Structure formats: structure tokens, C-alpha cells
Amino acid sequence: MPAPDQSVLARRDEIAAALRAIVPGEGVITAEHELRPYESDGLTAYRQPPMLVVLPETTAQVSRVLAWCQANGVKVVPRGSGTSLSGGALPLADAVLLGMGKFKRVIEVNYEDRFAVVQPGVTNLAVTQAVEARGFYYAPDPSSQIACSIGGNVAENSGGVHCLKYGLTTNNVLGVELVLMDGEVVRLGGTHLDPAGLDLLGVVVGSEGLLGVVTEVTVRILPRPETARAVLLGFPDPELAGACVAQVIAEGIIPAGMEMMDKPAIHAAEAFVKVGYPLDVGALLIVEVDGPSAECDHLIEEVARIANENGAVTARVSRDEPERLAFWAGRKAAFPAVGRISPDYYCMDGTIPRRRLPEVLQRMEELSQSYGLGVANVFHAGDGNLHPLILYDANVPGELHKAEEFGNDILRLCVEVGGVLTGEHGVGVEKRDLMPAMFAEADLRQQQRVKCAFDPDLLLNPGKVFPTLHRCAELGRMHVHHGEVRFPELPRF
Amino acid sequence: MLTPRDRHDLAEIIGAAAGKGETLELAGGGSKTAIGASREATRVSLAALAGVVDYDPAELVLTVRPATPLAEVQQLVAGQGQMLAFEPWDHAPLLGADAHATIGGVVAAGVAGSRRVTAGSARDHLLGFTAISGRGESFVAGAKVVKNVTGYDLPKLMAGSWGRLGAMVELTLKVLPRPRTELTLALDGLSPAAAHAAMARALGSNAEVSAAAHLQSGLTLFRLAGFEPSVVARARHLPAILADHGNLRPLDAEESAPAWHQAMTAAGLSGPVLWRVHLQPAKMPHMLAGWAGEWACDWGGGLVWLATDVQDDAVRQRAAELGGEATLIRAGDDIRARVPTFQPRTPGVMALESRVRRAFDPAGVFETARFQD
């Protein structure tokens with residue numbers, strides 16, 4: 001991270017006083033022991049207490065806080081529930097941490113036109129809970145959904161196990177109220193589809209808190225499918241499981257979820273939750289279909305047939321809801337299960353073209369041997385999103401560093417085979433320095449120019465996403481040979 | 001008209017125009033040229049940038065060059081049992097253009113059809129692109145896999161930007177399986193308010209209606225799509241769900257195809273001026289109250305086509321009162337010179353859009369005054 005600005009740190013008391021004038025009462029936190037809970041997010045390897053924390057309760061307060069910080073050259077790090085797995089909400093020593101946890105209201109639910117207006121601190125699961133009595137739900141379901149906030153989901157464009165069929169956050173958000181770093185409040189989108197003008201909402205979703213602070217979100221809600229069924233399939237090796245996945249999709253089936261686990265992950269999960277996973281297979285596939293029961297019955301049969309054609313050695317169809325949930329219990333507990341067999345683990349998040357899976361697993365195995373660290377794989381098989389879990393022991397000197405290097409090698413490998421650095425966890429601090437593996441300098445500069453259009457002083461969540469922060473003036477340079485430049489009144493990013 | 005042979009020519013043309021303060025209008029097939037005010041920019045035809053780069057049906061990913069005809073792309077993916085789920089369509093017949101839509105054109109204009117209400121728009125299916133910015137620089141954004149959050153989601157920004165940020169030279173799209181069976185069920189004789197209620201009920205039910213439309217004749221359409229056993233089961237279930245709204249009857253293809261076509265494309269609506277209104281579906285009946293001209297609705301009521309011979313922008317004011325917005329699709333030169341194509345946004349949003357456009361196009365190469373905003 002950039003070195004803290006000592007002149008800002010020297011003004012800490014003055015900054016606290018100014019923010020207390022905007023957010024009175026206990027809304028500004030400065031005591032060291034009270035800052036501790038904010039020192040990291042879901043990526044706990046990185047820790048840094050913030051300069052201070054401010055917890056506004058209204059859009060007007062957010063606007064005034066940001067405007068004051070901009071006018072006084074103070075950096076701001078926004079934070080939802082702090083569950084980011086990429087360090088998106090990691091504080092800076094010389095920045096204000098802007099916590100949105102007090103924005104907890106569901107403002108409106110419209111069942112007729114199928115949307116809900118919520119404040120950003122409402123948890124993902126709470127949106128579903130607010131509408132489920134009427135048979136609706138909110139589709140994106142990141143595994144942290146019990147804790148993670150909708151505002152954070154918007155920042156990270158969160159996914160979940162069902163996103164091949166139902167999309168990521170970006171496909172399920174209709175509008176936001178957004179406060180820019182200069183305090184201006186804008187509304188992007190609303191309650192209708194495809195608004196006029198540039199799709200600024202589209203670029204705000206997934207911008208990792210670098211473009212503005214979201215103070216209200218309008219999400220689409222969907223009718224809950226009539227039923228869901230799952231089938232548990234065992235294969236001798238991941239290659240055959242991958243071929244099965246490809247054929248399922250080639251035959252026109254988009255399952256609600258399609259998860260793969262490799263042998264180490266299967267064994268860890270089974271030892272932890274004992275749901276009856278077969279232990280003599282090289283890969284396990286959970287395929288879930290949802291919809292009308294006639295459709296589920298038909299598709300489960302089709303999937304079982306395709307699995308059989310691709311060499312599945314076990315196939316178990318869920319007979320009832322408890323059994324379906326049991327199939328998932330192992331997969332959902334895969335991370336803590338791995339936590340039981342290793343003192344620490346490091347979760348990666350690349351996406352690859354699915355056809356390259358066998359090769360990627362093979363090379364990952366080679367890397368595992370050369371680093372001397374184990375790895376277990378869980379895989380959102382339908383969309384190619386791979387979650388290798390690297391096993392290490394932080395108490396062994398150098399192992400954390402080795403695990404990070406191993407992880408970086410895996411992500412470079414994902415890019416090399418035509419994939420990406422992150423499928424759903426975000427770049428944050430964690431993958432920032434790997435961005436040049438995927439993007440050329442011209443690509444990164446173009447992205448940063450968009451940042452400059454929203455936040456020209458680069459005060460909002462600096463140090464995340466981009467490996468090098470270019471000043472906006474530098475990015476705006478244009479080589480004009482001769483002739484006039486049009487729009488001389490406008491800043492050029 | 002400039003006709004670059006390849007992306008290198010194109011980059012040179014754009015870079016040179018930027019240096020000289022000239023403006024360029026990017027054109028794919030030219031099917032939507034009649035939208036917007038007349039302009040004096042030099043047209044740049046992307047026609048040479050055509051063809052499929054890569055198509056891997058099992059990965060659900062298609063990479064194409066922008067001037068590939070839409071019909072060709074749709075035929076290619078249909079051959080593999082797949083589709084562009086956002087159901088893009090060709091504006092040429094509507095605008096009387098002697099041209100055809102291209103894949104780059106429908107993505108740049110954010111065109112989506114009846115399935116938009118459940119499957120998303122062009123923005124939801126553009127995974128990545130390579131483009132030449134207004135600086136004449138080639139850059140890449142997004143990726144060629146279906147799930148990716150690496151860096152800003154510039155594909156969202158590029159879809160629907162009408163060629164004002166850069167010239168796409170390669171697009172990667174998500175493709176999806178084509179439904180094996182489709183069936184249309186319909187209610188007759190509904191008022192707009194009753195039709196909205198019925199469409200809301202159907203779209204909010206677990207019968208998984210993939211599209212819903214309402215026509216001036218009172219016909220209200222519901223599309224069921226998927227595997228046959230599922231469509232059959234839902235076709236039995238939907239009449240019960242809509243029991244309070246009337247008697248559903250199945251429509252044969254001869255009756256359903258033109259009805260959907262009208263809802264999606266405004267085909268057959270007479271009137272020299274054609275508006276396209278996007279609004280919250282419940283506001284649709286209010287939009288239509290007292291409307292004297294011809295009309296059609298799609299997207300469960302979220303899209304209203306209004307045809308008229310009235311040459312002012314009263315429609316736009318009414319749409320704004322209802323929280324929606326009106327786009328001027330077809331009109332004579334004089335009204336297009338006076339009335340901007342798109343509903344104006346708030347000054348703050350307009351200013352932000354302008355800064356974002358300058359981020360891609362600092363010299364205003366693509367500012368042709370076509371949209372007057």
C-alpha cells in the first residue's frame with residue numbers, strides 16, 4: 001500500500017472533529033481498541049487499523065462526509081459488512097473508513113413489478129427473507145450471504161453457486177443511488193429496464209468501491225422455483241467429470257448449480273460433515289436443477305444419462321429436500337472442512353475455459369509438488385470458476401509467502417489458458433499486482449480514466465484494483481499534432 | 001465515407017481525426033442511421049471488420065467482429081442449438097433502411113427483444129471486447145469466459161453506448177441453449193390495466209413465463225419456453241394461475257408469430273412518429289390512457305410503443321411524469337432536429353456521462369451531435 005501521508009495523520013483530531021459535526025453522537029470512532037474490529041475484511045492475511053471510522057446514517061451525511069474529505073484531501077475506504085475475500089475493504093492508515101452498516105432498512109417491496117428497494121447495509125439473505133413469504137427471492141447467493149451486505153455485493157458484483165442460470169449481481173440490479181467523492185448524489189437506473197444514456201450503473205457494479213458510495217439499491221426479485229432436485233455423481237477422474245459438464249451444456253441444459261470437487265476436497269468435506277460422499281472417486285459433481293417438478297424430473301434423468309455416458313461410477317438422485325440439502329452440506333462446508341485438515345488455507349478464485357480443466361489441474365498438481373504445499377479444489381463447474389484452496393501453516397516461517405506465490409502462479413496459469421484472475425471475489429489488494437498478467441498497460445490506463453471521471457483526486461479506496469496509480473492529469477495527456485482540440489472546457493482523462 | 005480495411009486502418013483514421021478535431025460516425029450495417037438528428041460527421045464503415053473469430057458452443061462463448069450480419073450470427077448459433085438470449089432484432093424494416101443489422105450495431109445500440117424481461121439485454125451478454133478508443137488506441141476489456149469480475153465492467157458501458165466511446169473491433173458474447181419447445185398462450189379482450197395485472201401475475205408466478213406482451217386488439221400473450229415436458233406442465237399450470245384474469249387459449253404459430261413481432265418491433269403500427277417508452281410496468285396503463293394513436297406493449301408492460309402523427313414531445317413529458325422515459329425512434333427530419341433522441345437525464349448524470357465519454361474520447365471524435373446530449 002502507498003506510504004501513509006504524515007500530514008494527514010497529524011490532522012487526525014481535526015478530521016475527527018469535522019466528521020463529528022456531520023455525524024454526531026457515536027458515529028465517529030477514534031479509540032484504538034474500537035478500531036480493531038475494522039482492521040481487516042474476509043482476507044485476514046492483511047491487517048491495518050484505519051485512521052478513524054465514520055458510521056453515517058443518511059445519504060445526506062454520506063454526501064457531507066465525502067465532500068468534506070474531498071475538500072480536505074482525505075482518503076476514504078468504504079466498507080459494507082467486511083466479508084470481501086480480496087481485501088476490498090482493507091483500511092488505510094491515513095484514510096477514513098466509511099462504514100455503511102447503519103443503512104439497514106428495506107424501503108419498498110413491489111411484488112407486482114418484482115423489485116425491492118433496500119439500503120446497502122441490508123444483508124443479501126435479508127432481502128430474500130423480506131420477500132419469501134410471498135414466494136419470491138433474490139437470486140445471487142454468495143456463500144457469505146448470511147453476513148454480506150447488498151452494498152458490498154454491488155461493489156464486488158458478487159455471484160454464488162447459482163449464477164450460471166441466474167446471473168451475478170449486475171444482472172439483478174435495476175438501480176442505485178450513488179454518492180460521488182465530491183458529495184454529489186446521483187441516481188443511476190431506477191425501476192424500469194434499459195434506461196437512456198450510458199450504462200453507468202453497469203460500470204459502478206463491480207467497481208470495488210472506487211467510483212462512489214452506494215446509498216440505496218433497487219434489486220429485481222424472482223418467483224421461487226416450484227422445486228429443486230440434485231444429483232450426486234462420482235467419476236474416476238476430473239477429466240471425465242469435465243466432459244460430463246460439457247455435454248450437459250451442449251445438450252441445452254443450464255442447471256441451477258453444477259459444482260465439482262476433487263479428491264482432497266471430497267475427503268476433507270466427508271470427514272467433516274459425513275453426508276455419504278463416495279470416497280473412492282477422483283471427482284464429485286453435484287448437479288442441481290430447479291423449476292416445475294415435471295422439468296426437474298426430466299432433466300435429472302437426462303443428466304444421469306449423460307453422466308453414465310461419460311463414465312460416472314456413482315449416481316445418487318436426491319429423493320427429498322433433506323437429502324438435497326445433505327448433498328450441498330458437504331460442498332458448502334468445503335472451506336471449513338479444509339480448515340480442519342490444515343492450519344491455514346488460502347482460497348483462490350480464477351476462471352478458465354472449462355475445456356482446459358484437465359491441463360490446469362495437472363499443472364496445479366505439479367506446482368503443488370514444487371512448492372511442497374497441498375491443494376484442494378472446488379469448482380463452479382458450469383461457468384469455469386475455480387476455487388483452489390492452498391493448504392499451509394502460517395506459523396511455519398515463509399509458508400504464507402510460499403502460499404501466496406503458489407496462488408499467484410495458479411492465477412497466471414488461469415490467464416495463460418484464456419481465463420481470468422477473478423471470477424467473483426474481486427481484485428482488491430490481493431490480485432492488484434497481477435493485473436498486468438491479464439491487461440496491457442493501455443487497457444489498465446483506459447480503466448483508470450473511467451476512475452478519473454468519477455473521482456479525479458483518486459481519494460476513494462486508493463491502493464485497490466490498480467497496480468500503479470497514475471495521476472489523472474498524466475492519464476489525460478493527449479498528443480495533438482496540430483489543429484484544435486474540441487471541448488476545451490472539459491477535463492481530459 | 002471511409003472504409004478501413006482492418007483495425008489498424010481504423011486506429012489510424014480515428015487517431016488522425018482526433019488530432020485534427022474532426023468528427024466520425026461509426027457505422028455497422030447502417031440499419032439505424034435514421035435514428036437521431038442529421039449530422040455532418042464523416043461516416044466510417046466497419047464493413048470490412050466482419051466474420052466469426054471463435055465459437056465454442058460448450059463454453060457458451062462466441063467471439064465475432066462487429067460488422068458480421070446479425071442474421072448470420074443467429075443462424076450460426078441456431079445451428080448448434082443455441083441463441084443470443086437477449087433476442088436482438090433488425091431495425092431496418094421499421095426505419096425503411098436498405099441495410100441490415102450487424103452484431104456490433106445491435107450491441108452498441110443495446111437492442112433487445114421480448115425475452116429481455118427475463119433473459120436480460122445486450123449489456124448482460126457482452127462478456128468482453130477489443131475496441132479502438134477516441135485516442136486511436138486499441139484496448140481490451142472484459143474477457144472470453146462467462147464469469148469474470150477482473151477490473152471495471154467496461155462491456156456494460158460499451159453496450160448501448162451508440163458508438164460514442166470507441167469502435168469495437170471484436171466482441172465476445174455469451175450464448176445460451178435455445179429452448180427446444182416454445183408455446184404461446186393468450187388472453188383476449190383485456191384493457192391495458194387488466195393486461196398489466198395478468199402479466200404481473202404470470203411473470204411473478206413459478207410458471208416461468210419467458211415473455212409477456214399486450215396489443216391494442218386486447219390480445220395478451222404469454223410465452224412458455226424450455227424442454228417439452230416442462231412446457232407441457234406449465235401450459236397446464238398457467239390457466240389456473242390466471243383463472244381470475246380470463247380464459248387462456250393456445251395460439252398457433254400463424255397467429256402468435258406476427259403478434260410477438262409487433263410487440264417486439266412495432267411492426268405494423270402506423271404513424272410517421274414512433275416513440276419507444278420504457279417505464280415501470282404498472283405505469284403502462286397510465287401511459288396509454290387517452291392515447292389516440294396506435295400502440296403495442298412488450299416486457300410485461302415495461303416497454304410501450306406509441307405511434308402518432310403529432311409532431312411534438314408531449315409523450316416525453318408524460319413518460320417523465322410517470323417516472324419513465326421516451327426514446328424517439330422514427331420521425332421526420334424536422335422533429336429529429338428539434339427533439340433529442342433520448343430522454344434527458346438529470347444535470348448531474350449528464351455531466352458524469354460527459355466526463356466518462358471524455359475518458360474514452362478526449363477530443364470528441366465521436367461527438368457528432370446525433371443525439372443532442
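1. Considering helix α8 (residues 228–241) of chain B
And then number 1: Its 14 residues place the ends of α8 of chain B 20 Å apart at the C-alpha level, agreeing with the 20 Å of an ideal helix rising 1.5 Å per residue.
And then number 2: Within α8 of chain B, the full set of buried residues consists of S230, V231, A233, R234 and L238 of chain B.
And then number 3: On its buried side, α8 of chain B packs onto β14 (283–291) and α11 (293–309) of chain A together with β10 (181–187), α7 (192–203) and β12 (220–226) of chain B.

2. Details of the domain arrangement of chain B
Residues and elements named next belong to chain B.
And then number 1: Taken domain by domain, chain B consists of domain 1 (7–177) and domain 2 (181–265).
And then number 2: Taking only C-alpha atoms, the centre of domain 1 and the centre of domain 2 are 31 Å apart.
And then number 3: Between domain 1 and domain 2, the residue contacts involve 7 residues of the former and 9 residues of the latter.
And then number 4: Of the residues contributing to the side of domain 1 that touches domain 2, the split by class is 3 nonpolar, 3 polar and 1 charged.

3. Notes on the packing of helix α10 (residues 263–273) of chain A against helix α12 (residues 321–332) of chain A
Residue and element names in this part refer to chain A.
And then number 1: Closest axis-to-axis distance for the α10/α12 pair is 8 Å, and the angle between their directions is 115°. The hand of the α10/α12 crossing is right-handed. Contacts between α10 and α12 involve A269, E270 and V273 from the first element and A329, G330 and R331 from the second.
And then number 2: In terms of residue class, the contact of α10 with α12 is made up of 3 nonpolar, 1 polar and 2 charged.

4. A few points about the pairing of strand β3 (residues 75–79) of chain A
Residue and element names in this part refer to chain A.
And then number 1: Where burial is concerned, most of β3 is hidden: 5 out of the 5 residues are buried.
And then number 2: On β3, burial covers both faces: K75, V77 and R79 on one face and V76 and P78 on the other are all buried.
And then number 3: Note: β3 against strand β4 (residues 95–99), 5 bridges, orientation parallel. From the neighbouring strand, V76 faces β4, where its bridge partner is V96.

5. Topic: the packing of helix α17 (residues 441–454) of chain A against helix α13 (residues 347–360) of chain B
And then number 1: The interhelical angle for the contact between α17 of chain A and α13 of chain B, taken along N-to-C directions, is 155°, at an axis separation of 8 Å. The angle between the axes of α17 of chain A and α13 of chain B places the two elements in the roughly antiparallel class. Considering the relative orientation of α17 of chain A and α13 of chain B, their crossing is right-handed. Between α17 of chain A and α13 of chain B, the contacting residues are R449, V450, C452 and A453 of chain A on the first element and L352, R355, V356 and A359 of chain B on the second.
And then number 2: Among the residues forming the contact of α17 of chain A with α13 of chain B, the class breakdown is 6 nonpolar, no polar and 2 charged.

6. Concerning the sheet that holds strand β3 (residues 52–56) of chain B
Backbone hydrogen bonds are what pair the strands of a sheet, in a parallel or an antiparallel way.
Residue and element names in this part refer to chain B.
And then number 1: Read across the open sheet, the 5 strands follow the order β3-β4-β8-β6-β7; overall the sheet is antiparallel. Of all strands in the sheet, those with a lone pairing partner are β3 and β7 (138–142), marking the two edges. On average, each strand axis in the sheet is tilted by 15° relative to the strand beside it, whichever way the strands run.
And then number 2: Judged from the 4 bridges that link them, strand β4 (residues 61–64) and strand β8 (residues 166–174) form a sheet pairing that is antiparallel. Residue pairing in the sheet places L62 in a bridge with L173 of β8.

7. Observations concerning the interface of chain B and chain A
And then number 1: Contact with chain B, which involves 80 residues of that partner, is made by 85 residues of chain A.
And then number 2: The set of elements that each furnish at least two residues to the side of chain B that touches chain A consists of α1 (7–20), β7, α6 (154–158), β9 (176–177), α7, α8, β17 (325–330) and α13 of chain B.
And then number 3: Counting residues per element, the side of chain B that touches chain A draws most heavily on α13 of chain B, which supplies 9 residues.
And then number 4: Residue composition of the side of chain B that touches chain A, by class: 32 nonpolar, 29 polar and 19 charged.

8. Side note on the nonpolar core
And then number 1: Of all hydrophobic cores here, the largest spans 270 residues; its most connected members are V219, C244, L285 and I390 of chain A together with V304 of chain B.
And then number 2: For this core, the element with the most residues is helix α9 (residues 238–250) of chain A, which contributes 8 residues.
And then number 3: Apart from the residues within four sequence positions on either side, V219 of chain A is in contact with F115, A116, V118, V127, Y138, I150, N172, V173 and L174 of chain A.

9. Let's talk about the sheet that holds strand β8 (residues 173–179) of chain A
Residues and elements named next belong to chain A.
And then number 1: Spatially, 5 strands are ordered β5-β6-β10-β8-β9 in an open sheet, and the strand pairing comes out antiparallel. Bordering the open sheet on either side are β5 (106–110) and β9 (185–189), each of which pairs with just one other strand. Going across the sheet, the axis of each strand differs from the next one's by a mean of 10°, ignoring polarity.
And then number 2: Two strands pair when backbone bridges link them, and β8 and strand β10 (residues 213–220) are joined in this way by 6 bridges, in the antiparallel orientation. Bridging from a neighbouring strand, E177 pairs with E216 of β10.
And then number 3: Contacts from helix α5 (residues 124–131) reach β5, β6 (115–118) and β10, with the element oriented near 130° to β6.

10. Details of the pairing of β3 of chain B
Residues and elements named next belong to chain B.
And then number 1: Note that β3 and β4 share 4 bridges and pair antiparallel. In the strand pairing of β4, V52 is matched with V64.
And then number 2: Connecting β3 to the antiparallel partner β4 that follows it, the hairpin turn spans 4 residues, and L60 within it adopts a positive phi of roughly 65°.

11. What about the domain arrangement of chain A?
It is common to give the size of an interface as the accessible area that goes away when the parts come together.
All names here are of chain A.
And then number 1: Each assigned domain of chain A is listed with its residue range as follows: domain 1 (6–97), domain 2 (106–223), domain 3 (227–335) and domain 4 (342–426).
And then number 2: Domain 2 and domain 3 are separated by 30 Å when their C-alpha centres are compared.
And then number 3: Each side of the interface is counted separately: domain 2 has 5 residues, and domain 3 has 7 residues.
And then number 4: In the side of domain 2 that touches domain 3, the residues fall into 2 nonpolar, 2 polar and 1 charged.

12. Some remarks on unusual backbone geometry
All names here are of chain B.
And then number 1: A positive phi angle is found at E87, which is not glycine, with a value near 55°.
And then number 2: Here E87 lies in the loop between β5 (82–83) and α3 (92–95).
And then number 3: Given 21 C-beta atoms within 10 Å, E87 falls into the buried group.
And then number 4: One non-glycine residue, W162, lies in the positive phi region at around 55°.
And then number 5: Note that W162 resides in the loop between α6 and β8.
And then number 6: Overall, W162 belongs to the buried group, with 22 C-beta atoms counted inside 10 Å.

How each quantity is defined
- Residues numbered from 1 in each chain as written.
- Chains lettered and ligands numbered in written order.
- Predicted model: local features only at pLDDT ≥ 70, side-chain atom pairs only at ≥ 80, totals over all residues.
- Helix = DSSP H or I, 4+ residues; strand = E, 2+ residues; numbered from the N terminus.
- Expected span 1.5 Å × (residues − 1).
- Buried ≥ 20, exposed ≤ 12 C-beta atoms within 10 Å, placed from the backbone.
- Contact = placed C-beta atoms within 7 Å.
- Domains from an automatic or database assignment.
- Nonpolar A, V, L, I, M, F, W, Y, C, P; charged D, E, K, R; others polar.
- Axes fitted to C-alpha atoms, helices over the stretch in contact; angles between N-to-C directions.
- Left-handed = near helix turned anticlockwise from the far one by under 90°.
- Pairing = 2+ DSSP bridges.
- Parallel < 35°, antiparallel > 145°, perpendicular 65-115°, else oblique.
- Core = buried A, V, L, I, M, F, W, Y, C linked by C-beta atoms within 7 Å.

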